[in-house]
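# Residue-level structural notes
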Amino acid sequence: EMYVYLFSVFKLMYVMKPDMEESVGADAESLAIATAAQAFEDADLNHDGKISYDEFKRWFKMGGGEALDKMNDVVSDGITLEILREVTGFESWNVRVVIELCAEATNEAGLIDQSSFSDVIELLASRYMKPNNEKVVQIRNTIVPKLFQVFDDEGHGCIDFVEISCCLSALCGGDSHEKAVAVFVLFDLDRNGSISRAQMSLYLTSIFKLMLATQPEQEDLGARSAEALADEASNQAFDDAALNQFEKMPFEDFKSWLEISGNVASDHTEDEDDRISAAFKVFDTNGDGMITKEEMYAYLTSAFRATFETNPGTEERVGSSPEELARATTDQAFIDADLNDDGVISYEEFTKWCAEADIGSEVSQQTSQFDAEGMDMNRARWLLNLDNFSMEELLETLMESAPDGVVSFSSFTDVFDNIIKLGDNCGGEDLNRAKKLVESIYVEFDPSGEDGVDFSNLASGLSVLCDAPMEDKISFAFSIYDMDLDGLVAYEELVEYLSSVFKVLFVTAPDVKSQAELNMTPAELAESTAMQAFEEAGLDEGTKLSESSFKQFVFQGLGV
């Protein structure tokens, strides 16, 4: 029994440390025989040919345990990318298949246990490698649990779906765009084509965990944790892209940064055809050159379900279940791309769709951001049907959607879905643009989409789009902020109102944003505007404003 165990360990050690056999001067079999014989000489005190538990404990304390620890260290330290490549064939893996298999192995809590993880790796290895010999299987059975432990750092026996999917995607072969799309879709939960610093950091944490476990020679990383390294790298990536702490990184910047930093391997410079081809392969599951609705729906459902489970609250924020979101995304894609209505999307149709929609970098128009070109307040008012709603009706509708005074993303989009339908102003592409306009307005107030927005701020800001004289709109806003009905509002409330108006104008009247000095945010522009108005009037910030003064300052601040 001891010989069999030692023989397996020494064979593994020799594979991991190629120069070890020469330095030891014996092959794995000879070394196992000699080591077992020495162990029995030292530990088998009654010479009965067996080592009892008491004899083993004594031998362990005398130095045998230290020898076993050293062997274990060699095995642990031996998890290198070279060894992983040899025993798993990861360079041949398809990133889409990897993520699908991980999603299928994920439980309701978004976690994968060790047994399921081992099954995934074994299935991938059997799919992409030649029939395994005994040595390869033996090494893989030792290596895979060690890799699992790298990500199960708290010893709970489970690892996070998104984290391990990111790790395995980094190991996969294939072109950089396909891998970048597959990873990006795990984090771009609201399908707006961008991710936050925190999401970027989560991705990089998995990469650094893998790097620290498989490349111990990386001394330049110091003694910092994977999390600390990931935060630093994420911040650097966003700084390089000139994004502030509230802005998100679009897909193209994400992909470019990964390629430059070497996190996504690429053997060639990709042109537009490469990128479109990679996106097509994500959905063409059986590789027959056609994308069916079932293929697209199945892939998106797996991805959405896993990301919803690992990010509680996403379903409420998005306003759809994973299945509903996958179905809506698929249906819209086929409306736009299936030109001959034969129920499948050919590569030619997919290419044309990408070119016309300018989405070569993404998998669906659902991920594209709101296009402000040609937008002005009149068009925004028409798209949102606010020319048929009074300010009071808008306020009442928002109040009904926010019993606690806070409007969530899903409630806001539901409100405007109903308002837009009542007007029957637009359909087709105009309807899609109206929905994206609604989402963009909300994001101006709540960039994360998770905090909620005070209904009074939304109502006062959106009132500028209603069909009424500007003076009436300002009076309406004054009545909202004059909570104690004393006919006065504070400096802070003026700033709050201006900020709400600027947030709406930045989306619906892009020329206002372009005229803002030094790329100021709506809140910064509101503060600057109010401060200048008070200074010119010789007032300090503690002075309260009457309705007439409030109107005067707003007119002055908005340049009306």
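Residues numbered from 1 in each chain as written. Predicted model: local features only at pLDDT ≥ 70, side-chain atom pairs only at ≥ 80, totals over all residues. Heavy atoms only, no water.

The protein is annotated in an unreviewed UniProt entry as EF-hand domain-containing protein from Octactis speculum. Looking at the Sequence similarities (unreviewed entry) heading of the UniProt record, one finds this comment for the protein: "Belongs to the recoverin family." (UniProt positions renumbered as here; feature names shortened; annotations may be inferred.)

In this fold, Phe-412 is placed in helix 21 (residues 409-423). With relative accessibility at 1%, the residue Phe-412 sits in the buried group. A sequence separation of 10 residues divides Phe-412 from Ala-402, and the C-alpha atoms of the two residues are 9.2 Å apart. Residues contacting Phe-412, with those up to four places away along its chain left out, are Leu-398, Val-407, Val-438, Ile-441, Tyr-442, Leu-458 and Leu-462. (Helix = DSSP H or I, 4+ residues; strand = E, 2+ residues; numbered from the N terminus. Buried < 20%, exposed > 50% of the residue type's maximum accessible area, 1.4 Å probe, protein only. Contact = heavy atoms within 4.5 Å.)

Here we take up the nonpolar core. The biggest cluster of nonpolar side chains holds 76 residues, and the ones touching the most others in it are Phe-117, Leu-168, Met-200, Tyr-203 and Phe-254. Three or more residues apiece are contributed to this core by two domains, here domain 2 (81-264) and domain 3 (270-367). In this structure Leu-168 touches Trp-93, Val-98, Cys-102, Phe-117 and Ile-121, once residues within four positions along its chain are discounted. Listed in part, the 61 residues of the second largest apolar core include Ala-380, Leu-386, Ile-419 and Leu-465. (Core = buried A, V, L, I, M, F, W, Y, C linked by side-chain atoms within 4.5 Å. Domains from an automatic or database assignment.)

Let us look at helix 3 (residues 28-43). Between the first and last C-alpha of helix 3 there are 22 Å, a value that for 16 residues agrees with the 22 Å anticipated at 1.5 Å per step. Among the residues making up helix 3, those that are buried are Ala-28, Leu-31, Ala-32, Ala-36, Ala-39 and Ala-43. One side of helix 3 carries all its buried residues, which in axial view fall inside an arc of 125°. (Expected span 1.5 Å × (residues − 1). Arc of directions from axis to C-beta.)

With a phi close to 50°, His-47 is a non-glycine residue in the positive phi region. Its place among the elements puts His-47 in the loop between helix 3 and helix 4 (53-77). Classification of His-47 by relative accessible area gives exposed; the value is 66%. Here the phi dihedral of Asp-341 falls at roughly 55°; this positive angle occurs in a residue that is not glycine. Position of Asp-341 relative to the elements: it lies in the loop between helix 17 (322-337) and strand 6 (344-346).

As a further point, take the packing of aromatic side chains. On inspection of all chains with the given rule, the structure shows nine aromatic pairs. Ring centres of Tyr-203 and Phe-254 lie 5.9 Å apart, and the angle between their planes is 65°; on these two criteria the pair is classed as edge-to-face. Placement of the pair is Tyr-203 in helix 11 (residues 197-214) and Phe-254 in helix 13 (residues 251-261), with a sequence separation of 51 residues. The pair formed by Tyr-203 and Phe-254 is uniform in burial state, with each residue classed as buried. Aromatic side chains Phe-412 and Tyr-442 sit 5.4 Å apart centroid to centroid with 45° between the ring planes, which places their arrangement in the tilted category. Placement of the pair is Phe-412 in helix 21 and Tyr-442 in helix 22 (residues 429-445), with a sequence separation of 30 residues. Classification of Tyr-442 as buried rests on a relative accessible area of 0%. Put simply, the rings of Phe-409, Phe-412, Phe-416 and Tyr-442 pair up and form one aromatic cluster. Cation over ring: Arg-327 sits above Tyr-297, and NZ or CZ is 3.9 Å from the ring centre. (Phe/Tyr/Trp six-rings, centres within 6.5 Å; stacked < 30°, edge-to-face > 60°. Lys NZ or Arg CZ within 6 Å of the ring centre and 35° of its normal.)

Right, let's get into a negative patch on the surface. Residues Glu-492, Glu-527, Glu-535, Glu-536, Asp-540 and Glu-541 make up a contiguous surface patch of negative charge. When residues of the negative patch are assigned to their parent elements, the largest contribution, three residues, is made by helix 27 (residues 522-537). Mapped onto the fold, Glu-536 is located in helix 27. The exposed category is assigned to Glu-536, whose relative accessible area is 54%. (Patch = residues over 30% accessible without salt bridge, like charges linked within 9 Å, V, L, I, M, F, W, Y side chains within 5 Å. Areas by Shrake-Rupley, 256 points an atom, 1.4 Å probe, with all protein chains shown as cover. Salt bridge = Lys/Arg side-chain N within 4 Å of Asp/Glu carboxyl O. Lys, Arg positive; Asp, Glu negative; His and termini not counted. Charge placed at Lys NZ, Arg CZ, Asp CG, Glu CD.)

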